[in-house]
Amino acid sequence: MKRLLFFALVLTAPAWAPAQELTLAARGQPAACTIVRPAAASPSQVYAAEELQRFTEQMTGVKLPIATDEAPLPARSVVLGDTRFTSEVLGGPAEVKGLGEDGFRLVRRGDRFLVLGGPVRGTLYGVYELLERFGGCRWYSSWHSVIPRRDAFTVPTLDETQKPAFALREPFWFDMFDGDLAARNKVNGNSMRLSEKHGGHSYRFGGGLGSCHTFDALCSPEVYFAAHPEYFSEVNGKRLKNHTQLCLSNPDVLRIVTSNVVARIRQDPGAAFYGVSQNDWYNYCTCPACKAIDDAEESHAGSMIAFVNKIAEAVEKEFPEVTIETLAYQYTRKPPKTIRPRANVMPCLCTIECDFSFSIPASAFKEDRAFMDDIRGWSAICKRLYAWDYTTDFRDYTSPFPNVLALQGNVQFFHTNRVDYLFEQGAYQGRHGDFAELKAWLLAKWLWNPDLPQEPLLQDFFNGYYGAAAPYARTYFDALHSYYRDPAHRPLRIFDDPRHTALTDDFYARASGLWQQAEAAVKDDPARLYNARLGAFPVLYARMARMPASEEITVWVTENPKRYEAPAEPRALAAELLKRFEEAGNIRLSENSGRHDEVLAHWKALANPPALPAPQTRAFVEDKLLSLSNRGTWGDTVADPLCEDGSAMKLYNTHYEWCATLPFSRVAFDPGRKYRLRARVCVEKEPGKEGEAFWAGVYDAKNRRACGGIEPKTSEVGDGYAWYDVAEWAPERDHYFWIGPGRFDKAGGATSAIKGMRIDKLELIRLD
Ligand SMILES: [Zn+2]
């Protein structure tokens, strides 16, 4: 029987499987092998067997059986994890422990293929390596995988061990938080939704503290400042309550923070790291004691590390496994001269100031040079190092940010400098930042192995993700990045404004054309069409941002309203952006939610303009349409039953600024025609005082000259509201109407001649 079967196999061995390849599954044939896992498998090992079964079936149509090592070992098998057969098949001990939580070894022995790995994530990662490398499976984003249809799934003879370059691998990009996508790309960051089956998290930040800016949580100015201002930063001789840091040399602060950290660890034990770090602004303490340490250490990290060391020392007595994490960020980024972080202290270096067009070691930008010095300094004195790197434009996630060619160099640079935990912050609040899916995927690959060559990875992604659109998308990508390849060029920084980058309107015009070609190339491939449409989104976004800003018209006093209609191009662009925004359903435009909402509102207003008003040559302007500077101090809007709309703008008598204005950029008027401007004003006179009541006029801001105005005295105005003719002139866009309370001589404590004044409305009348 055995012989017969062997014979049959030889006879049917197809030409596509070279003799040295082991066939795991062949289309249209019975399962060629069995998946074997330990009977006492961990959840991630159970899942590893299921994933191998699932994707093999998707590739070949063949469902491989899954068995445990309680049964005898099948003749042909893929053996997952450390089973009771391991040493027999290997011919020696497996030494799985040495692979750590994430590492794996892929070995073929005859008709057996072993995926050796630990129970945490190693076995699962080994299976993904097998599927990716020999099956050609790719997981580019949560919605886009490529699982090739194959006649056979075969594996070669090999014996290879892999371990990750970084213990904590966190491409902090929104889509990569998907647990399946993360695990399949071997990332294990804390933000990834990794359940038990994905192997969970090993480097958690505990105690509800997160990884940054924890001073307020550990010693709050709300609780302590009133009784103990000395706990907080002294800046320019004053203790600060707002935007403050801690006085790190104060022994009571140390006592409070230490006891809070210990209490938080007791409440939430088992995490790897607990954060003790500065707030997200400057204002470090400059009291004599703090300053003395920082001066001696030639860095503000002096007082910081001295403080954190003492906390770490206290924590260690009860929790020897715990590491205290702190920031080496902005003012603390330079390492101290003599103080050394304890072994259970981990500084986190942040690249916030750097240029990202080149990798840090390749950039000529001065901040990158300084960062290099700092990381080398820390690397030499720390047992553990955490790095927080930035990989997107945080002002506008969806504007082009050509940093892809810098990513690998940076990851290699951190690895060389002994960083164990790498956090690559991207657009984390929504999908489709600039090349978001590409960046997250590349980072995942390089966080595992920083030396994987860049070009094959780029080609892999572009072909798999964009399909027939790849040549156009790639041409765009190369052109985009070419703008920042001149080392003498301006740096690429993480709050750049798309209106002021090295990229030109000409570039954007070409870019739009390329993406149109890309979309046309995949018009019959819905998945790739979606990727191309959203790939183009940053180009449309930047073009929209670069359109000349037109202010919203609030006053219409023209025979020809159509003249003031927004031009067709921005209206169409806004409509197109909104369409794609809705299509994706989950785009975030900026890290700042206010900015995100503002940009969206702007598009909506442009795409859906209100109907134009009827032609008119006479219009009232209610007080609410005026701008008021220093609202609350110089004046405010008040209820006034004497006004038709029930409201007036009240100006106080404490000043005589031109505080209420109407810019003519917000008025639709007929250029070259003459208008009369009147104002309905009520002066609240101060009994028994004589002087100037108010002043008002029209000013030409461009040519810096008055176009008319009035300055009535208290003796010339009556009680109650009256109309005042202010000016007759031909308005232009740069003109503005202004009004303020009457002037008075401020010298010698003199005061205004009025109690205050109110403006009901203006009237604009075309005269000719
Ligand atoms: Zn101090």
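For the structure itself, consult the block above.
Nothing here was measured: the structure is a model prediction, and the numbers come from that model. (Residues numbered from 1 in each chain as written. Predicted model: local features only at pLDDT ≥ 70, side-chain atom pairs only at ≥ 80, totals over all residues. Heavy atoms only, no water.)

Participant: Just checking my understanding: could you explain the environment of proline 609 for this structure?
Facilitator: Note that proline 609 resides in the loop between helix 20 (593–607) and strand 20 (618–622). Note: C-alpha distance between proline 609 and arginine 571 (38 residues apart in sequence) is 8.7 Å. (Helix = DSSP H or I, 4+ residues; strand = E, 2+ residues; numbered from the N terminus.)

Participant: Quick question: what am I supposed to make of the packing of helix 19 (residues 568–584) against helix 20 here?
Facilitator: For any two helices packed against each other, one specifies the inter-axial angle together with the distance between the axes. At a closest axis distance of 8 Å, the pairing of helix 19 and helix 20 adopts a crossing angle of 125°. By the angle between their axes, helix 19 is oblique relative to helix 20. The crossing of helix 19 and helix 20 is left-handed. Between helix 19, through Pro570, Arg571, Ala574, Ala575, Leu577, Leu578 and Phe581, and helix 20, the contact on the second element is made entirely by His596, Leu600, Trp603, Lys604, Leu606 and Ala607. When its residues are assigned to classes, the contact of helix 19 with helix 20 shows ten nonpolar, one polar and two charged. (Axes fitted to C-alpha atoms, helices over the stretch in contact; angles between N-to-C directions. Parallel < 35°, antiparallel > 145°, perpendicular 65-115°, else oblique. Left-handed = near helix turned anticlockwise from the far one by under 90°. Contact = heavy atoms within 4.5 Å. Nonpolar A, V, L, I, M, F, W, Y, C, P; charged D, E, K, R; others polar.)

Participant: Can you help me understand the side chain of serine 77 in this one?
Facilitator: Checked against the element boundaries, serine 77 lands in strand 4 (residues 77–80). Assessed through its relative accessible area of 1%, serine 77 is described here as buried. Here proline 74 takes part through its backbone oxygen, which lies 3.3 Å from a polar atom of the side chain of serine 77. Setting aside its immediate chain neighbours within four residues, serine 77 contacts Cys33, Thr34, Val36, Asp111, Arg112 and Phe113. (Buried < 20%, exposed > 50% of the residue type's maximum accessible area, 1.4 Å probe, protein only. Polar contact = N/O pair within 3.5 Å; in protein donor to acceptor, adjacent residues only side chain to side chain.)

Participant: Would you mind showing me how to read helix 15 (residues 470–482) here?
Facilitator: Note on helix geometry: an α-helix contains 3.6 residues per turn, so any two residues three or four positions apart are oriented the same way. End to end, helix 15 covers 18 Å across 13 residues, agreeing with the expected 18 Å (1.5 Å per residue, within 8%). The set of residues buried in helix 15 consists of Ala470, Ala473, Arg474, Tyr476, Phe477, Ala479, Leu480 and His481. At its buried positions, helix 15 is contacted by helix 12 (404–416), helix 13 (436–448), helix 14 (454–466), helix 16 (505–521) and helix 18 (537–546). (Expected span 1.5 Å × (residues − 1).)

Participant: Got a minute to help me understand the nonpolar core in this structure?
Facilitator: What tends to happen in soluble globular proteins is that the nonpolar side chains get buried as a cluster. Of all hydrophobic cores here, the largest spans 129 residues; its most connected members are Leu131, Phe414, Tyr466 and Trp515. For this core, the element with the most residues is helix 13, which contributes ten residues. Residues within four places of tyrosine 466 in sequence aside, it is in contact with Phe435, Phe461, Ala473, Trp515, Val522, Arg528, Asn531, Ala532 and Gly535. Ranked by size, the runner-up nonpolar core spans 36 residues in total, among them Ala619, Tyr675, Cys707 and Ile754. (Core = buried A, V, L, I, M, F, W, Y, C linked by side-chain atoms within 4.5 Å.)

Participant: Would you mind going over the pairing of strand 1 (residues 22–26) with me for this structure?
Facilitator: It is a general feature of regular strands that their side chains alternate between the two faces of the sheet. With five of five residues buried, strand 1 is to be regarded as a mostly interior element. Examined bridge by bridge, strand 1 and strand 9 (residues 152–155) share four bridges and lie antiparallel to one another. Looking at strand 9, one finds that threonine 23 is bridged to threonine 154. (Pairing = 2+ DSSP bridges.)

Participant: Even after reading the chapter, I still don't get the sheet that holds strand 3 (residues 66–68), so can you show me in this structure?
Facilitator: In sheet architecture, strand pairing relies on hydrogen bonds along the backbone and comes in two forms, parallel and antiparallel. Pairing is mixed in the open sheet, where six strands are placed in the order 3-2-4-6-5-10. Taken across any chain shown, the strands that pair with only one partner, and hence form the sheet edges, are strand 3 and strand 10 (159–162). Within this sheet the neighbouring strands show an average axis-to-axis angle of 20°, counted without direction. The sheet contact formed by strand 5 (residues 104–109) and strand 10 spans four bridges and is antiparallel. Considered in strand 10, the bridge of arginine 105 is made with threonine 161. Along the sheet, helix 4 (residues 122–135) makes contact with strand 4, strand 5, strand 6 (112–117) and strand 10, crossing strand 6 at roughly 135°.

Participant: Can you walk me through the coordination of the zinc ion in this structure?
Facilitator: Six octahedral donors at a metal ideally form angles of 90 or 180 degrees, and four tetrahedral donors ideally form angles of 109.5 degrees. Looking at the metal site, the zinc ion is ligated by Cys247 (SG), Cys285 (SG), Cys287 (SG) and Cys290 (SG), spaced 2.3 Å from it. Each of the four donor atoms bound to the zinc ion contributes to angles spanning 105 to 113°, and the resulting shape is tetrahedral. (Donors = N, O, S within 2.8 Å, 3.2 Å for Na, K, Ca; no water. Tetrahedral: all angles 85-135°; square planar, octahedral: opposite > 155°, others 65-115°.)

Participant: So what exactly am I meant to see when it comes to the environment of serine 202 here?
Facilitator: Within the element layout of this structure, serine 202 appears in the loop between helix 5 (179–184) and helix 6 (215–218). Serine 202 sits 70 residues away from alanine 272 along the chain, and the two C-alpha atoms are 7.2 Å apart. Filtering out sequence-adjacent residues up to four positions away, serine 202 remains in contact with Glu101, Val120, Arg121 and Ala272. Within the local environment of serine 202, its side chain forms a polar contact with the side chain of arginine 121, the two groups lying 2.9 Å apart.

In short, the description is geometric, and any link to function would need to be established separately.
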